[in-house]
Amino acid sequence: MDDPWLLAYPCEGTKVEEHSLRDLLLDAHKFRDLVVDFPTQKPALFRQVLLPVLLAALGRPHDPTAWAPLFQQGRFTQGQRDQLGRYLDKHRHLFELFDDVNPFAQVANLEAVSGETKGTASLVVTAPTGNNVPLFSSRSDADPLELTPAQAARWLIHAHCWDTAAIKTGAVGDRNVKAGKTTGNPTGPLGQIGFVMPVGRTLYDTLLLNIPSGPALPATDSPQWTRRSTSGRVEETRSVALPAWQSRDATGLLDLWTWQSRRIRLIPEQTDDGVRVSRVIIAAGDRMTQVPDIEPHTAWILEATGSVGGKTKQGKQRQPLPPRRPRRHQPGKAVWRGLDALLAVSREKREAKLKAAGYATSDLLIEINARRKKMPLDYPLQIEVSGVVYGNQSAVVEDVISDSIPLPLAALSHGSLARATILEVVSQAEGLANTVNNLSADLRRALGSEPVPWDKGQRPGEVVLHALDDLVRRLLVGLRAAGEDFDLVERGHLAWEQKARSATVQVAERLMESVPGSAFLGHTIQSDREQRSYRLATAEAGFWRQLDRILPRAAAARKSRERDGEKTTKTEEA
């Protein structure tokens, strides 16, 4: 609670230092953001510590109207600071990392059935352990990894959120242990969703943006540190502090955010450099039966069932709404390419025979949409996404997804110009990538080869998307300043199309210049129904036609310049 262990960027200056939980919360307006050892640590720290402490201490606003003055004041009032301080003082003893009786987020005296402990590499995602070996790692599984208490605390919290699945150490006292191990463990709860978090101008703003408004929390909902210290029925209260685990639903936001998906024990030792942690026990923890609808940090895939629930005009009862499941991020895909899902702030009506599934954005973005009139239109909102790609039965970490984009507040409004522009730009970018892929396929056919399969190899469309990435992000920043000014938005859209055209043409010209001369003569392919010839000239002509269709503003501006040039030439000749 009072030891420095959380790194943060100050709003003034550039010196990054470790701060205590107390200082970071009470003076949240003085910091821009957290600094972490690894991208997925940031959502873990917010979920397991910062947000639940704030929510448990101050409660939550009951609606956007009550939220607005909290956001506009820009910092905690003295009364709120006192209330936070009282909560921190009351629960200070529950935040001791190496307590003999009740260590924070751990199980005291946890012991493996085998009597063995493991190196802290099993706690640190970036360290090699067993068959989970990061590429080009300079360490081996046998190298001891000593963690400072601050590092151990951060990775401890990270494990509860993102730990890999499959086999875990069997703990003494766990009735489900077989042959010294526990099988069937799922990944940590954040590993099962595509994490989406709004980020504000300061740490204070970010905290408020991530607290959903609503009625008072149920009496049964509490964070793990009070659940483990409350007397009562063992299976309902102190279970998180015992080796035994259970499968259950989350009782509310506090329980969900501080979910103990593992039973862990850090084993400290005194070294010449001070207290260090090099050994750990990680056993099976509580299993969530399903991702609850109250989960605020994910977008959702709506399963199409052909009905929306409620009643028809004739008064007949409709079928229930389609079930939701978390939408996970796709590796290698920039977050702006999934903006159609992130901007799905309203659930559109569905016809009875609709077959396609839809999206629903995160509850927090829906909340921000309801609150946006209480915020400056040009507020520098960022959307950060995080995710882990697991492999080999989710037992190893193959990749980590981390990305951030600026998002204009106006884009959350269903009928806004900014929203329409963003969705059109995303569609255009995908169209340009497909056009270059089609050009590549036609050129290969002109040489008598087969196109590159869509799921194999490097396709040139990915090069186009990489070239467009910075342009899209710059456009998003520009749209934030432009607001709903039609002329400004149109000028920005035209500038984007012109730059996107130039970037796409560069990739396409490299493709056309790389083909040998035989592509000029082409190749004829005989199918069951028709005979079709492919050559360089037709492939190039098709590319230019598609380019003008996808980027109509740039095409119109180019044709206008050509007409003006012809008029000037004729005038000079006359």
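### Things to note about the overall build of the protein
Here is step 1: A count of helices and strands for the protein gives 16 helices and 18 strands.
Here is step 2: Among the 574 residues that make up the protein, the fraction classed as buried is 50%.
Here is step 3: Considering only contacts in the protein between residues 6 or more positions apart, those separated by 24 or more positions represent 71%.
Here is step 4: By element, 49% of the accessible surface of the protein is carried by carbon and sulfur atoms, the whole surface being about 27800 Å².

### Thoughts on the sheet that holds strand β14 (residues 358-360)
Here is step 1: Read from one edge of the open sheet, three strands run β13-β12-β14, paired in antiparallel fashion. Every interior strand has two partners, whereas the edge strands, β13 (324-326) and β14, have only one. Neighbour-to-neighbour, the strand axes of this sheet turn through a mean angle of 35°, independent of strand direction.
Here is step 2: Pairing of strand β12 (residues 300-302) with β14 involves three bridges; the strand directions are antiparallel. Along β14, the bridge assignment pairs Trp300 with Ala360.

### Re the side chain of Ser278
Here is step 1: In this structure, Ser278 sits in strand β10 (residues 274-284).
Here is step 2: In terms of polar contacts, Ser278 uses its side chain to reach the side chain of Glu269, at 2.7 Å.
Here is step 3: Residue contacts for Ser278: discarding those within four places in its chain leaves Lys118, Gly119, Thr120, Leu145, Glu146, Ile267 and Glu269.

### Regarding the packing of aromatic side chains
Here is step 1: Counted by the stated rule, this structure contains eight aromatic pairs.
Here is step 2: Taken together, a centroid distance of 5.4 Å and an interplanar angle of 65° make the contact between Phe71 and Tyr379 edge-to-face. Here the residue Phe71 occupies a position in helix α3 (residues 64-73), and Tyr379 occupies one in the loop between α10 (363-371) and β15 (382-391), the gap between them amounting to 308 residues.
Here is step 3: Classification of Phe71 by relative accessible area gives buried; the value is 7%.
Here is step 4: Note on Tyr379: relative accessible area 1%, which makes it buried.
Here is step 5: Ring geometry for Phe95 and Trp225: centres 4.9 Å apart, planes at 50°, overall tilted. Residue Phe95 is located in the loop between α4 (78-90) and β4 (118-119), and its partner Trp225 is located in helix α7 (residues 224-227); the two are separated by 130 residues in the primary sequence.
Here is step 6: An aromatic cluster of three or more residues is present, and its members are Trp67, Phe71 and Tyr379.
Here is step 7: Against the face of Trp300 rests Arg324, its NZ or CZ located 4.0 Å from the ring centre.

Basis of the calculations
Note that residues are indexed from 1 along each chain, following the sequence as it is written. This being a predicted model, a pLDDT of at least 70 is required before a residue's local features are given, and a value of 80 or more before pairs of side-chain atoms are given or counted; all residues contribute to the totals for chains, interfaces and linings. Based on all heavy atoms of the structure, the side-chain values leave hydrogens and waters out of the count. Secondary structure follows DSSP: runs of H or I at least 4 residues long count as helices, runs of E at least 2 residues long count as strands, and numbering of each begins at the N terminus. Working definition: with a 1.4 Å probe on protein chains only, accessible area under 20% of the residue-type maximum means buried, over 50% means exposed, and in between means partly exposed. Any two residues having at least one pair of non-hydrogen atoms within 4.5 Å are treated as being in contact. Surface accessibility follows the Shrake-Rupley procedure with a 1.4 Å probe radius. Residue values consider only the protein chains on display as shielding. DSSP bridges decide pairing: two strands pair if at least two such bridges lie between them. Here an angle of 0 to 180 degrees is reported between the N-to-C directions of two axes, which are lines fitted to C-alpha atoms, with helices fitted over the stretch in contact. Any pair of nitrogen or oxygen atoms within 3.5 Å is treated as a polar contact; in protein, a donor-acceptor pairing is required on top of that, and neighbouring residues in sequence qualify only through side-chain atoms on both sides. For this analysis, a ring pair means two rings from Phe, Tyr or Trp (six-membered ring only for Trp) whose centres lie within 6.5 Å, classed as stacked if their planes differ by under 30 degrees, edge-to-face if by over 60, and tilted for the remaining angles. Charge over a ring is defined by NZ of Lys or CZ of Arg lying within 6 Å of the ring centre and within 35 degrees of the ring normal.

From the geometry alone we can't say anything about function, so treat these as descriptive.
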